[in-house]
Amino acid sequence: MHRLLAGIGITAAVAIASAGSLTAYAAYDVGHGLAENSVDVGGAADSIDGAFNVLAVAADNDPAQGDAYGVRGATLNDSNVLLHVSADHTQAVAVSFPRDLIVDQPACSARGTMSPAVTNTPLNQAYGRGGLACVVSTIEHVSGLSIPFAAQMSFSGIIGLSDAIGGVPVCVTDRVDDPFTGLKLKAGNHTVSGATALAFLRDRHGVGDGSDLSRISSLQQFLSSLVRKVKSDGTLEDPTKLYRLARVASKSVVLSTSLAKPDTLVGIARTFQGIGLDRITFVQYPGTTTDPSYPGKVVPIAATADQLMRAVAHDRPIGLDSDAIGRGSTTATDTATGDTATGGTDQGGTDEAGGDAGGGGSAASTRGDSGSTDGGADDAGRASSASPETIPGVTGQTAEQKTCAVAAAG
């Protein structure tokens, strides 16, 4: 799922439109659509002065989705990416939280009905308990960070946005033919858009070890490539491209009321224009799939997760070892070849079967002291000169790195 396009590419597009790069009508058209679709997620502080956090969520079984991707009993927040920008606006870290992560969730209110707090429950059940606001409060609880801004996207939005941007370059190490998502790719390089881009992001059985953690590695490859493309192909300076992207976003992206403001969007856009590719890092929230109490789920590795979130909160750059790309990716080579894939169909929907049931048992609390929630006030202004903190067990890549998805064996 597209997850972070709303937080980087689309936010930038809408921001520049609002700033006057497009006609007054275009700015009104886009801004009006975003405001109409906005929702309140709570929280008082919504300034981007200093450090700030944005949560991007991709929802499965969105009401507009229909049953084309399988029938679900509830809407699920299948993808959850927390973007943190440092106080000096020189670096950004995007943390992917696995949908199957077993966590404690706070009480949430939905349509006037209060849902009580729950323990040891898969993260992707938060949306069904209280919508986007509940996902925000749950990630706040898990991460220890305050999240004033949020964006939500559906499957149809992912398809529309990948088409509007002209596709995203990706690669796979070997042939992928996954009947669950309908993804069919030859080994090598591809530019994916539309339903094929969606299938690539949803694919679980065709890459890595078949787990959701491998799928996150594919997501990070996609997002890194997306950021490189947006920064290199003139998208941010092309009014036509910006309007096309922003118009699709206005119809398919739901923003928090705090984020659906021209001044805020302009500020975030300008921030990202000034951050280098090597300073945008994608990491995965540490977890394990080997806990016998939660088969098929992801249980947080508490000590590693706490160290990661403390580093993020205090604006310490995250360093990654050469072998820390993740279980579903490998370093790309210049010899990869392949066909361009711009269409395709996603006929699956059953790849998630059995993966959405609630957790149970009596696992101990998976959240420790995640550190300061002030976004790193103690370290403000020092992020650009601080040495990277390499945390054993944390996987990911920078936007500068080129990686390939490792095709599943067999």
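Residues numbered from 1 in each chain as written. Predicted model: local features only at pLDDT ≥ 70, side-chain atom pairs only at ≥ 80, totals over all residues. Heavy atoms only, no water.

Asks: Before we go on, may I ask you to explain the pattern of salt bridges in this structure?
Replies: Side-chain pairs of opposite charge can arise where the charged atoms are in close proximity. Counted by the stated rule, this structure contains 9 salt bridges. With its nearest N and O atoms 3.7 Å apart, the salt bridge here joins Arg 99 to Asp 78. Here Arg 99, found in the loop between β3 (92-97) and β4 (102-105), pairs with Asp 78, found in strand β2 (residues 76-85); they are 21 residues apart in sequence, far enough to count as distant. On the accessibility criterion, Asp 78 (2% relative accessible area) is buried. Between Asp 100 and Lys 297 there is a salt bridge; the shortest N-O distance is 3.8 Å. Here Asp 100 is found in the loop between β3 and β4, whereas its partner Lys 297 is found in the loop between β15 (287-288) and β16 (299-300), with 197 residues between them in sequence. Grouping residues by exposure puts Asp 100 and Lys 297 together as buried. Through salt bridges with shared partners, a single network forms among Asp 78, Arg 99, Asp 100, Arg 204, Asp 212, Arg 215 and Lys 297. (Salt bridge = Lys/Arg side-chain N within 4 Å of Asp/Glu carboxyl O. Helix = DSSP H or I, 4+ residues; strand = E, 2+ residues; numbered from the N terminus. Buried < 20%, exposed > 50% of the residue type's maximum accessible area, 1.4 Å probe, protein only.)

Asks: It is not clear to me how the packing of aromatic side chains should be interpreted in this structure. Could you clarify?
Replies: What characterises a pair of aromatic rings is the spacing of the ring centres plus the angle enclosed by the ring planes. Counted under the stated rule, the structure contains 3 aromatic pairs. Aromatic side chains Phe 52 and Phe 149 sit 6.4 Å apart centroid to centroid with 85° between the ring planes, which places their arrangement in the edge-to-face category. Note that Phe 52 is positioned in strand β1 (residues 52-60) and Phe 149 in strand β8 (residues 149-153), a separation of 97 residues in sequence. Considered together, Phe 52 and Phe 149 belong to a single accessibility category, that of buried residues. (Phe/Tyr/Trp six-rings, centres within 6.5 Å; stacked < 30°, edge-to-face > 60°.)

Asks: Please explain the confidence of the model for the protein as it appears in this structure.
Replies: Detail in the predicted coordinates should be disregarded across regions flagged by low pLDDT. Residues at a pLDDT of 70 or more form 74% of the protein, whose mean pLDDT is 78. By mean pLDDT, the top-scoring element of the protein is β4 (98), and the lowest-scoring one is helix α1 (residues 9-21) (39). Note on residues 1-22: pLDDT is under 50 here. Beyond four places in sequence and across chains, it has 75 contacts. Low pLDDT (under 50) marks residues 344-382, which in the prediction has 110 contacts with non-local residues, meaning those over four places away or in another chain. (pLDDT = per-residue confidence, 0-100. Contact = heavy atoms within 4.5 Å.)

Asks: Which parts of the structure should I look at to understand the sheet that holds β3?
Replies: Each strand in a sheet pairs with its neighbour through backbone hydrogen bonds, running either in the same direction (parallel) or in the opposite one (antiparallel). Taken together, the 7 strands give an open sheet; going across it, the order is β13-β8-β1-β2-β3-β14-β20, and neighbouring strands pair in mixed fashion. Both edges of this open sheet fall to β13 (253-255) and β20 (396-398), since each of them pairs with a single strand only. The sheet shows a mean angle of 15° between the axes of neighbouring strands, direction not considered. Taken together, the 9 bridges between β1 and β2 define a ladder with antiparallel strand orientation. Within the sheet, the bridge partner assigned to Asn 53 lies in β2 and is His 84. (Pairing = 2+ DSSP bridges. Axes fitted to C-alpha atoms, helices over the stretch in contact; angles between N-to-C directions.)

Asks: Sorry if this is basic, but what is going on with helix α4 (residues 155-164) here?
Replies: Since one α-helical turn is 3.6 residues long, residues separated by three or four positions face the same way. Those residues of α4 not exposed but buried are Phe 155, Gly 157, Ile 158, Leu 161, Ser 162 and Ala 164. Note on α4: the residue one or two positions beyond its end, Gly 166, has a positive phi of about 85°.

Asks: Even after reading the chapter, I still don't get the state of the cysteines, so can you show me in this structure?
Replies: As enumerated under the stated definition, the model contains 2 disulfides in all. Each sulfur in the disulfide pair Cys 108 and Cys 134 lies 2.0 Å from the other. Its S-S torsion of about 75° marks the bond between Cys 108 and Cys 134 as right-handed, since a negative value means left-handed. With Cys 108 in strand β5 (residues 108-110) and Cys 134 in helix α3 (residues 126-143), this residue pair connects regions lying 26 residues apart in the sequence. In this structure Cys 108 comes out as buried when scored by relative accessible area, which is 5%. Judged by its relative accessible area of 1%, Cys 134 is buried. Through a disulfide, Cys 171 is tied to Cys 404; the S-S separation comes to 1.7 Å. One quick way to see it: the torsion about the S-S bond of Cys 171 and Cys 404 is about -110°, and its sign makes the bridge left-handed. With a gap of 233 residues between them, Cys 171 in strand β9 (residues 168-172) and Cys 404 in strand β21 (residues 403-405) connect regions that are remote in the sequence. Overall, Cys 171 belongs to the buried group, its relative accessible area being 4%. Classification of Cys 404 by relative accessible area gives buried; the value is 5%. Cysteines bonded in the protein are numbered consecutively along the chain; their disulfide partners then correspond to 1-2, 3-4. (Disulfide = S-S within 2.5 Å.)

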